[in-house]
Amino acid sequence: MTIRSRTAAAFAVASLTLAFAGQSHATVFAAWQVANVPFGDTLNVRKYPSGTSQNQAAYPNGTVLQMTGRCTGAINLLDIANQPAWKQEQTVRYRWCEVWHDPAQNGNFVTGWAYGKYITPH
């Protein structure tokens, strides 16, 4: 099985698992990408929405992230999706937004949090 097939299968299973678990905030994903990270640095995705929380993974500029839609401050990325990209970025700039990712790249997807200053709609 190719890496692409395994990733697609893992994503499908994870989506179904979340759908049946009743976590409606995580059943629909929004694609955002890492941006505005200083040259040579990466965006840390953390376990909780805090700069002091455990780091789960680090992603360079251009990496596409699957967002659950949920951000701190009761912001939902899906609710602002029809706005211009600059306005979406401004809305989440000082918020933490939840990411659905596979930090170990082994098919075990988890949620984590990315700081809004470093993400942009994809």
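Caption draft 1: Spatial organisation of the pattern of salt bridges. Within this structure, the stated rule accounts for 1 salt bridge. Between Arg70 and Glu98 there is a salt bridge, with its nearest N and O atoms 3.0 Å apart. Linking Arg70 in strand β4 (residues 64–71) with Glu98 in strand β6 (residues 96–101), this pair joins segments that are 28 residues apart in sequence. Accessibility expressed as a relative area gives 37% for Arg70, which makes it partly exposed. Residue classification places Glu98 among the buried residues on the basis of a relative accessible area of 3%.

Caption draft 2: Representation of the packing of aromatic side chains within the structure. Going through the model one piece at a time under the given rule, you end up with 3 aromatic pairs. Between Phe29 and Trp100 the ring centres are 6.2 Å apart and the planes differ by 35 degrees, which places this aromatic pair in the tilted class. With a gap of 71 residues between them, Phe29 in the loop between α1 (3–21) and β1 (30–34) and Trp100 in strand β6 connect regions that are remote in the sequence. Given the relative accessible area of 18%, Phe29 is considered buried.

Caption draft 3: Quick look at the nonpolar core. Residues Leu65, Met67, Leu77, Val92 and Ile119 are the most contacted members of the largest nonpolar core, which totals 19 residues. Contributions of two or more residues to this core are made by β1, β2 (43–46), β3 (55–59), β4 and β6. Filtering out sequence-adjacent residues up to four positions away, Leu77 remains in contact with Ala30, Trp32, Met67, Gly69, Cys71, Val92 and Cys97.

Caption draft 4: Seen up close, the state of the cysteines. Here the structure, examined in full by the defined rule, presents 1 disulfide. The disulfide that involves Cys71 links it to Cys97, with 2.1 Å between the sulfurs. Given an S-S torsion of about 105 degrees, the disulfide between Cys71 and Cys97 has right-handed geometry. Of this pair, Cys71 sits in strand β4 while Cys97 sits in strand β6, and the two are 26 residues apart along the sequence. By the burial criterion, Cys71 is buried, and Cys97 matches it.

Cut-off values and rules
Throughout, a residue's number is its position along its own chain's written sequence, starting from 1. Under the rules for a predicted model, residues below a pLDDT of 70 receive no local features and side-chain atom pairs below 80 are neither given nor counted, while totals for whole chains, interfaces and linings still include all residues. The side-chain figures draw on all heavy atoms in the structure; neither hydrogens nor water molecules are used. We define a salt bridge as a contact between a side-chain nitrogen of Lys or Arg and a carboxyl oxygen of Asp or Glu at a distance within 4 Å. Strands are runs of DSSP state E lasting at least 2 residues, helices are runs of H or I lasting at least 4, and numbering of each runs from the N terminus. Whether a residue is buried, partly exposed or exposed follows from its accessible area with a 1.4 Å probe, protein chains only, as a fraction of its type maximum: under 20%, in between, or over 50%, in that order. Pairing of aromatic side chains here covers Phe, Tyr and the six-membered ring of Trp, requires ring centres within 6.5 Å, and sorts the geometry by plane angle: under 30 degrees stacked, over 60 edge-to-face, intermediate tilted. What makes a nonpolar core is a set of buried Ala, Val, Leu, Ile, Met, Phe, Trp, Tyr and Cys residues whose side-chain atoms join them at distances within 4.5 Å. What makes two residues a contact is simply this: any of their non-hydrogen atoms within 4.5 Å. Only a pair of cysteine sulfur atoms within 2.5 Å counts as a disulfide in this structure description.

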